[in-house]
Amino acid sequence: MKDFTIAIYCFLDDLCKALEEKSDARRKLTDAQVMTTAILAAYYFHGNQCFAMSYLRDHWGFKMPDKSNFNRNLHQVFPLLEQVSYQLGKTLKEWNVEKVYIIDSFPIPICKNIRIRRVKLCKDEKLRGYNASKKEYFYGIKVHMIVTGQGLPVEYFFTAGSVHDNLGLQGMAIDLPESSHLYGDKAYENEQYQALLAHYQGIRLKAAKKNN
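Here's what I pulled together on the structure shown here.

Calculation notes
Residues numbered from 1 in each chain as written. Predicted model: local features only at pLDDT ≥ 70, side-chain atom pairs only at ≥ 80, totals over all residues. Heavy atoms only, no water. Buried < 20%, exposed > 50% of the residue type's maximum accessible area, 1.4 Å probe, protein only. Helix = DSSP H or I, 4+ residues; strand = E, 2+ residues; numbered from the N terminus. Arc of directions from axis to C-beta. Contact = heavy atoms within 4.5 Å. Polar contact = N/O pair within 3.5 Å; in protein donor to acceptor, adjacent residues only side chain to side chain. 1 Å grid on protein atoms, 1.4 Å probe; cavity = no way out; pocket = protein on both sides within 12 Å on 5 of 7 lines; lining within 4 Å. Points joined across faces, edges and corners; volume = space filled by probe spheres on them. Nonpolar A, V, L, I, M, F, W, Y, C, P; charged D, E, K, R; others polar.

**Focus: helix 7 (residues 191–200)**
Right, on to step 1. Taken together, the buried positions of helix 7 are occupied by Tyr193, Gln194 and Leu197. The arc that holds every buried residue of helix 7, seen down its axis, measures 105°, which confines them to one face. Away from its buried face, by an angle of more than 90 degrees, helix 7 presents the exposed residues Glu191, Gln192, His199 and Tyr200.
Right, on to step 2. In this structure, the buried residues of helix 7 make contact with helix 6 (165–171) and strand 6 (204–207).
Right, on to step 3. Between the side-chain oxygen of the N-cap and the backbone nitrogen of Gln192 there are 3.2 Å, and the N-cap of helix 7 in question is Asn190.
Right, on to step 4. Two residues or fewer after helix 7 comes Gly202, characterised by a positive phi angle close to 70°.

Spelled out as structure tokens, the structure:
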């Protein structure tokens, strides 16, 4: 964790300097520190930002604000975080000489299925989806992600939980190198879309065949 923290913070700090991004002088944290905290929370603390804030405050001396102020800071740097994610994905695709990619989706539930009626954050039947791997319904959004053969994410797309994987794939603005091989499970089987990808972008979509 120590080496990863140093590496990701130094990378983000250098990137912010290269992009000439100036942090708000009224904030306790710089843009690089805010993004480092968010990434560590996702990578090591199962998305718990409070744990990541405590770790960086106690071990690295970050001057952490309260949770509410940190959330506001994170919302302010979100466009920059998206830009960092895009540039990293672009670089990883350039380095991936094998040109092998995998696509799959996973749910991000807002709440447990039994508490759907009491949700006040958002109310829409489109958010109700089915998680086939766990054989259970969920209420939330679905992330469609393309990763390299080593599991490094390069592209992602958000949809409502009820959207089928095949429709999520068609909604993505896929920007993979020509002659790439994209593998997916049987949910992505679509002969017409496979032909379109091969003809216009030179991408070979290989989906597992259905039993029928």
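**Overview of the layout of surface pockets**
Right, on to step 1. The calculated volume of the largest pocket comes to roughly 1,800 Å³.
Right, on to step 2. The wall of the largest pocket is formed by 42 residues, among which Leu81, Ser85, Met145, Pro153 and Tyr156 lie closest to the centre.
Right, on to step 3. When residues of the lining of the largest pocket are traced back to their parent elements, those giving at least two are helix 1 (2–18), helix 2 (31–44), helix 4 (67–76), helix 5 (78–95), strand 1 (100–111), strand 3 (136–148) and strand 4 (153–160).
Right, on to step 4. Looking at the lining of the largest pocket element by element, the count peaks at 13 residues for helix 5.
Right, on to step 5. Considered class by class, the residues forming the lining of the largest pocket number 30 nonpolar, seven polar and five charged.
Right, on to step 6. Quantified by volume, the second largest pocket comes out at close to 330 Å³.
Right, on to step 7. Only strand 1, strand 2 (128–131) and strand 3 provide two or more residues apiece to the lining of the second largest pocket.
Right, on to step 8. When residues in the lining of the second largest pocket are grouped by element, the largest group, four residues, is from strand 1.
Right, on to step 9. Across the lining of the second largest pocket, the residue classes break down as seven nonpolar, five polar and four charged.

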